[in-house]
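# Commentary on secondary and tertiary structure
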Amino acid sequence: MTTWIGQQDGRWTLTGRRPTVFASSPGQQRGFCPSCGSQVFYRSSRYPRETHFYAALLEDPNAVTPAVQFHEDEKLRWLDDALTLPVEEPLKKAR
């Protein structure tokens, strides 16, 4: 599952190396880290003057609070039930 956070252009700043930009289809651009290939951003002519960032790469993803969701009809059918699943502690590293 991937979370993208849309921001108006001019209200954000990228730090570090300049992403590699790929035109994935007409009107669609995707930005990737030039070192490791991780997804960084998505731009579309459907959302002019806006850039969508891959939430996992934000310096502090918890600092962002969603105000609306898009493409809700595309969510995985088990997503609503996921919050009711038991929580397991991560495995501890062997010493």
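Residues numbered from 1 in each chain as written. Predicted model: local features only at pLDDT ≥ 70, side-chain atom pairs only at ≥ 80, totals over all residues. Heavy atoms only, no water.

### A word on the pairing of strand 3 (residues 28-32)
Using the following cut-off: A pair of strands counts as paired when DSSP detects no fewer than two bridges linking them. We count a stretch as a helix when DSSP gives it H or I for four or more residues in a row; a strand needs E for two or more, and each element gets its number in order from the N terminus.
Of the pairings in the sheet, the one linking strand 2 (residues 20-25) to strand 3 comprises five bridges and is antiparallel in character. Bridge pairing in strand 3 links Ala23 to Gln29. Between strand 2 and strand 3, which pair antiparallel in sequence order, lie two residues; one of them, Gly27, sits at a positive phi of approximately 80°. Bridge count between strand 3 and strand 4 (residues 39-44): five bridges; the pairing is antiparallel. Counted as the bridge partner of Gln28 is Ser44 from strand 4.

### Quick look at the environment of Trp4
The following threshold applies: Think of it in three bands: with a 1.4 Å probe and only protein chains considered, a residue is buried below 20% of the maximum accessible area for its type, exposed above 50%, and partly exposed in between. The contact definition used throughout considers only heavy atoms, calling two residues in contact when any of these lie within 4.5 Å.
Structurally, the position occupied by Trp4 is in strand 1 (residues 4-8). Looking at Trp4, the relative accessible area reads 29%, which means it is partly exposed. A C-alpha to C-alpha distance of 8.1 Å links Trp4 and Phe41, two positions 37 residues apart in sequence. When sequence neighbours within four positions are dropped, the list of residues in contact with Trp4 reads Gln39, Val40, Phe41, Tyr42, His52, Phe53 and Tyr54.

### Let's talk about the packing of aromatic side chains
To keep it simple, the criterion reads: Stacked, tilted and edge-to-face are the three classes applied to pairs of Phe, Tyr and Trp rings, where Trp contributes its six-membered ring and a pair requires centres within 6.5 Å; stacked means planes under 30 degrees apart, edge-to-face means over 60, and tilted covers the rest.
In the structure shown here, the tally under the stated rule is four aromatic pairs. Judged by centre distance (4.7 Å) and plane angle (70°), the rings of Trp12 and Phe53 are edge-to-face. Of this pair, Trp12 sits in the loop between strand 1 and strand 2 while Phe53 sits in strand 5 (residues 50-54), and the two are 41 residues apart along the sequence. Judged by relative accessible area, which is 8%, Phe53 ranks as buried. In textbook terms, an aromatic cluster arises when at least three aromatic residues are bridged by ring pairs, as seen for Trp4, Tyr42 and Tyr54.

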